[in-house]
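# Chains, contacts and geometry: an overview
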Amino acid sequence: MRIAIINRDRCQPRKCSKECEYFCPPVRTGDETIVFVDGKPQITENLCVGCGICVHKCPFGAITIINLPEEMEDPIHRYGQNGFALYGLPVPIEGRVTGLLGPNGIGKSTAVSILSGILRPNLGKAASWEEVFQRFSGSILGDYLKKVADKGIKTSYKPQYIDRIPKSYSGIVSGLLERTDERGALPELMESLGISKLMERDISSLSGGELQRVAIAAAAARDADFYFFDEISPYLDIYQR
Ligand code: SF4
Ligand code: SF4
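### Points about the site of ligand 1
Around ligand 1, the neighbouring residues are C11, Q12, C16, E19, C20, F36, P41, C58, P59, F60 and I63. Of the residues belonging to the shell around ligand 1, the class tally is nine nonpolar, one polar and one charged.

Quick look at the structure:
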């Protein structure tokens, strides 16, 4: 069993000689392992033999082939054919802090999006919540996901891409933070995150580091059962980190 991932941003069929298709051994023997749909390549995973030739031949490094043990179950989530697939999820436990560490593109944000209820896991197809519950029935993760789906637990989420905040919110910092301060924690958060002097500033005028700390305060001030902070260190200096 293998997973073929094509990075759609990197893949540029107009600037290459379609090396992926040209050098693919099964294609050379007549299989349709790689076909072009709407101008972009599509790899059929069960026809791929996992040789990795396309990975090395693609001039833009757009292809990743991952050979998996046969016994691996279906993914928890997959972003369509030849899209990224996630196979595991950590289990949040009340009163505990869980950290997810790993290189870019390993699925940390996808895991956080699922656990915070922003993204419904699709099990690699178009799965309903009922199918998700069935897959994880009898497990702590299953109980957790059911509560997320039924809104039985409240989550608070600090997004990874904080530079998008000024596009969805306009106004001064105090206006945003007072709106999210559901548990009266703002004075303490302003102090600990060093943002007291930013309160009258317009959100659009904040630097990356200031915006990051305001975003952390906004998420932490909510009254939630679980708090998710997707990437807290970008833009912050070593002391703030
Ligand atoms: S995957 Fe690489 S070789 Fe294949 S079409 Fe895209 S850029 Fe070209
Ligand atoms: S890994 Fe080998 S068989 Fe699979 S698509 Fe690439 S070139 Fe073809």
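Moving on from the model shown.
### Remarks on the site of ligand 2
Neighbouring ligand 2 are C24, P25, P26, I34, I43, C48, V49, G50, C51, G52, C54 and I65. A class-by-class count of the residues in the shell around ligand 2 yields 10 nonpolar, two polar and no charged.

### Observations regarding the pattern of salt bridges
Counted according to the given criterion, the structure contains six salt bridges. Note that E131 and K125 form a salt bridge whose closest N and O atoms lie 3.8 Å from each other. Take E131: its relative accessible area is 32%, and that puts it in the partly exposed class. For K125, a relative accessible area of 47% puts it in the partly exposed group. Notably, a salt bridge pairs E182 with K154, separated by 2.7 Å at the nearest N-O pair. On the criterion of sequence distance, the pair formed by E182 in the loop between α8 (173-180) and α9 (186-193) and K154 in the loop between α6 (140-149) and β7 (155-158) is long-range, its members being 28 residues apart. The class for K154 is partly exposed, based on a relative accessible area of 37%. One salt-bridge network, held together by shared partners, links K154, E182 and R222.

### Some words on the domain arrangement of the protein
According to the domain assignment, the protein contains domain 1 (2-72), domain 2 (86-152) and domain 3 (157-229). Inter-centroid distance (C-alpha atoms) of domain 1 to domain 2 is 29 Å.

### Quick look at the side chain of D230
Within the secondary structure layout, D230 lies in the segment after β8 (226-229). One buried charge, D230, has no salt-bridge partner; the nearest side chain with opposite charge is K158, at 6.6 Å. A polar side-chain atom of D230 sits 2.8 Å from a polar atom in the side chain of S109. Apart from the residues within four sequence positions on either side, D230 is in contact with S109, V112, Y157, K158, P159 and Q160.

### Topic: α9
Those residues of α9 not exposed but buried are L186, L189, M190 and L193. One side of α9 carries all its buried residues, which in axial view fall inside an arc of 100°. Exposed positions of α9 whose direction lies more than 90 degrees from the buried face are P187, E188, E191 and S192. Residues of α9 that are buried make contact with α8 and α10 (208-220).

### Focus: the side chain of K108
Turning to its location among the elements, K108 is positioned in helix α4 (residues 108-115). In this structure, K108 is buried with no salt-bridge partner, the nearest side chain bearing the opposite charge being E231 at 4.8 Å. Among the polar contacts made by the side chain of K108, one reaches the main-chain carbonyl oxygen of G102 at a distance of 2.9 Å. Among the polar contacts listed, one links the side chain of K108 to the backbone oxygen of P103, at a separation of 3.1 Å. Apart from the residues within four sequence positions on either side, K108 is in contact with L100, L101, G102, P103 and E231.

### A closer look at the nonpolar core
Counting 24 residues, the largest nonpolar core has V173, L177, L189, I195, I203, L206 and V214 as its most contacted members. Broken down by element, this core gets its largest block of residues, seven residues, from α10. Excluding residues that lie within four positions of it along the chain, I203 makes contacts with I165, P166, Y169, G171, I172, V173, L176, L211 and V214. By size, the runner-up hydrophobic cluster in this structure holds 18 residues, among which are L86, V112, F136 and V148.

What counts and what doesn't
Going along each chain's sequence as written, the residues are numbered from 1 onward. Chain letters start at A and ligand numbers start at 1, both assigned in the order the entries are written. Whole-chain, interface and lining totals are the exception, using all residues; otherwise, since this is a predicted model, local features are given only for residues with pLDDT of at least 70 and side-chain atom pairs are given and counted only at 80 or more. Hydrogens are left out, water is left out, and the side-chain values use all remaining heavy atoms of the structure. Here a residue is considered near a molecule or strand provided that any single heavy atom belonging to it is located within 4 Å of it. Charged means Asp, Glu, Lys or Arg here, nonpolar means Ala, Val, Leu, Ile, Met, Phe, Trp, Tyr, Cys or Pro, and polar covers whatever is left, Gly included. When a carboxyl oxygen of Asp or Glu lies within 4 Å of a side-chain nitrogen of Lys or Arg, that pair is called a salt bridge. Buried residues are those whose accessible area, probed at 1.4 Å on protein chains only, stays under 20% of the maximum for their type, while exposed residues exceed 50% and partly exposed ones sit between those limits. Every helix listed is a DSSP run of H or I at least four residues long, and every strand listed is a run of E at least two residues long, numbered separately from the N terminus. For the domain bounds, the source is a domain assignment made automatically or taken from a database. Residues scored as positive are Lys and Arg, those scored as negative are Asp and Glu, and His as well as the terminal groups of each chain are ignored. Pairing of N or O atoms within 3.5 Å defines a polar contact, subject to two protein rules: one partner must be a possible hydrogen donor and the other a possible acceptor, and residues neighboring in sequence count only if both atoms are side-chain atoms. In what follows, a contact means two residues having at least one pair of non-hydrogen atoms within 4.5 Å. The arc under discussion is defined with respect to the helix axis, by the directions toward the C-beta atoms. We call a set of buried residues a nonpolar core when its members are Ala, Val, Leu, Ile, Met, Phe, Trp, Tyr or Cys and they connect through side-chain atoms within 4.5 Å of each other.

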